[in-house]
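# Architecture and fold: a report
Chain by chain, the residues run as shown.
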Amino acid sequence: MRIGMLTGGGDCPGLNAVIRAVTKSLIRQCGAEVIGIEDGFLGLIERRVRPLGWDEVSGILATGGTILGTSNTASPFAWRGRDVAAEVVAYQRELGLDALVTIGGDGTMTMAARLGEVGGVPMVGVPKTIDNDIAGCERSFGFDTAVATVTEALERVETTGQSHGRVMIVETMGRYAGWIALEAGLAGAADVILLPEIDFDLERVAAVCRERHARRRATLICIAEGARPVGGTLTVERAVAGSPDPIRLGGVAHLLRERLQPRVDAEVRATVLGHVQRGGSPTPFDRVLATQYGNEAAHLLRRGQFGRMVTLQDGRLASVPLAAVAGQNRRVPLDHPLLVCAREIGVCLGEAG
Ligand SMILES: Nc1ncnc2c1ncn2[C@@H]1O[C@H](COP(=O)(O)OP(=O)(O)O)[C@@H](O)[C@H]1O
Ligand SMILES: O=P(O)(O)OC[C@H]1O[C@](O)(COP(=O)(O)O)[C@@H](O)[C@@H]1O
Ligand SMILES: [Mg+2]
């Protein structure tokens, strides 16, 4: 068996743990040859691959990033104005691949499914993203590490906020889903948590800050990059040319700071955490989850269960068809138990009233 493997989309902690587990499982279980594809789908377009053996994947379990490199712009269906999907499919055949492991998020799974439809080799997907927004998957690896990083940041920002009696705003990543802000906000004891799923009422947030200033000096606000005020729009940091989803969110914390400042006596400060959340060593939880996902991907390959993504459902390893994941985005449901819990302990979610 000859298996290709790539990492696609934004990197996240735990990618190397998956690469290691897939490779070691396949070598041990069936003596398979594993070919690493560099920089995601870009490596298939530019014909850049290298063999992955036991030695190449040893000692990488706890390292951040991806030893294969990744890309969140390259699309074989629109590469520098051309559709090169047929050439990519031909290259997969030239490499003699029996299947391809794609470790990525919703975008990577969409691309994997599309390449399969035009004759590409069979695929097995592994869900990665700090955003935790992949359909059919209750936990992507990388998320736990991001939550831990944001939680630590919130705690650090809180002590300086207390010292100065300020309103402190911390902005998280997450695109159109609020999972990181919600879990880290709860873990970091944020007073206000603002998510893309609930448009926030500025006057309500200001009232909470004023009330807290009188009682507790400081207010800690955790806001997701995809959050927006009632009647407002998303805050776009930049558009990335050539990216299938060109919008990069960012900066809503500064918008909130500007609008809050005239409404409160305390000084307001904003911190945008950015890529700090995506880097560094995975938590033990993510190391274990990524290892299980990689091992399970090897099982699917050996059983010939292609066109599927490994996943976690009700705490158990499982798999779902790529078609059920492609083009989807898993957002926080408005009746999610963590939202109910946050409200009941007095966290403001920006809702009016
Ligand atoms: N809507 C889409 N249709 C087809 N391919 C896509 C789509 N979105 C992303 N891709 C491909 O998947 C890769 C990674 O996508 P991206 O959304 O950046 O990351 P992720 O896989 O983490 O969601 C992109 O480089 C592109 O090749
Ligand atoms: O690194 P870039 O291109 O600025 O992308 C930033 C985006 O990537 C993420 O970090 C991860 O998203 P993906 O997992 O979909 O790649 C988002 O939270 C963030 O909005
Ligand atoms: Mg994505």
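What you are looking at is a predicted structure, and each value in this text was computed from that prediction instead of being measured.

## Things to note about the domain arrangement of the protein chain
Here the protein chain is described as being made up of domain 1 (2-141 + 282-313) and domain 2 (146-278 + 334-344). Each of domain 1 and domain 2 has a C-alpha centre, and these two points are 33 Å apart. Each side of the interface is counted separately: domain 1 has 13 residues, and domain 2 has 16 residues. Together, the buried faces of domain 1 and domain 2 total about 1200 Å²; carbon and sulfur atoms form 49% of this surface. Summed over the three residues of domain 1 that lose the most area to domain 2, namely Thr73, Ile130 and Asp131, the buried surface amounts to 44% of that side. Taken together, domain 1 and domain 2 are joined by 3 salt bridges. The partner of Glu183 in a salt bridge is Arg139, and the shortest N-O contact between them spans 3.0 Å. Counting across the interface, domain 1 meets domain 2 through 4 residue pairs in polar contact (both at pLDDT 80 or more). Here the side of domain 1 that touches domain 2 is composed, by residue class, of 3 nonpolar, 6 polar and 4 charged.

## Topic: the site of ligand 2
With respect to spatial proximity, 14 residues lie near ligand 2, and among them Gly10, Thr129, Asp131, Glu225 and Arg248 are the closest. Backbone polar atom of Gly10 to an oxygen atom of ligand 2: 2.8 Å apart, as the coordinates give it. Residue Gly174 places a main-chain N or O atom 3.0 Å away from an oxygen atom belonging to ligand 2. Isolated, ligand 2 exposes 480 Å² of accessible area, and the fraction of that covered by the protein chains is 90%. Classifying every residue of the shell around ligand 2 by side-chain character gives 2 nonpolar, 6 polar and 6 charged.

## Structural notes on the packing of aromatic side chains
Aromatic rings in a pair are described by how distant their centres are and how their planes are angled relative to each other. In this structure the tally under the stated criterion is 0 aromatic pairs. Taking the ring centre of Phe77 as reference, the NZ or CZ of Arg114 above it sits at 3.9 Å.

## Comments concerning the sheet that holds strand 6 (residues 167-172)
Read across the sheet, 4 strands follow the order 7-8-6-11 without closing on themselves; strand pairing throughout is parallel. Because the sheet does not close on itself, it has two edges, and the strands there are strand 7 (192-194) and strand 11 (268-272). Averaged over all neighbouring strand pairs, the angle between strand axes comes to 15°, with direction disregarded. Taken together, the 5 bridges between strand 6 and strand 11 define a ladder with parallel strand orientation. Each residue of the ladder has a partner; that of Val170, found in strand 11, is Thr271. Helix 7 (residues 202-216) rests against strand 6, strand 7 and strand 8 (219-224) of the sheet, and its axis sits at about 155° to strand 8.

## Things to note about the pairing of strand 1 (residues 2-7)
Looking along a regular strand, one sees the side chains alternate between the two faces of the sheet. Across the 6 residues that make up strand 1, a large majority, 5, are buried. As paired elements, strand 1 and strand 2 (residues 33-37) share 4 bridges and run parallel to each other. Paired with Met5 across the two strands is Gly36, which belongs to strand 2. Each parallel crossover has a hand, and for strand 1 linked through helix 1 (residues 15-30) to strand 2 it is right-handed.

What counts, and at which threshold
Residues numbered from 1 in each chain as written. Chains lettered and ligands numbered in written order. Predicted model: local features only at pLDDT ≥ 70, side-chain atom pairs only at ≥ 80, totals over all residues. Heavy atoms only, no water. Domains from an automatic or database assignment. Contact = heavy atoms within 4.5 Å. Buried area = accessible area lost by both parts, 1.4 Å probe. Salt bridge = Lys/Arg side-chain N within 4 Å of Asp/Glu carboxyl O. Polar contact = N/O pair within 3.5 Å; in protein donor to acceptor, adjacent residues only side chain to side chain. Nonpolar A, V, L, I, M, F, W, Y, C, P; charged D, E, K, R; others polar. Near = heavy atom within 4 Å. Areas by Shrake-Rupley, 256 points an atom, 1.4 Å probe, with all protein chains shown as cover. Phe/Tyr/Trp six-rings, centres within 6.5 Å; stacked < 30°, edge-to-face > 60°. Lys NZ or Arg CZ within 6 Å of the ring centre and 35° of its normal. Pairing = 2+ DSSP bridges. Helix = DSSP H or I, 4+ residues; strand = E, 2+ residues; numbered from the N terminus. Axes fitted to C-alpha atoms, helices over the stretch in contact; angles between N-to-C directions. Buried < 20%, exposed > 50% of the residue type's maximum accessible area, 1.4 Å probe, protein only. Right-handed = clockwise from strand over helix to strand, strands pointing away.

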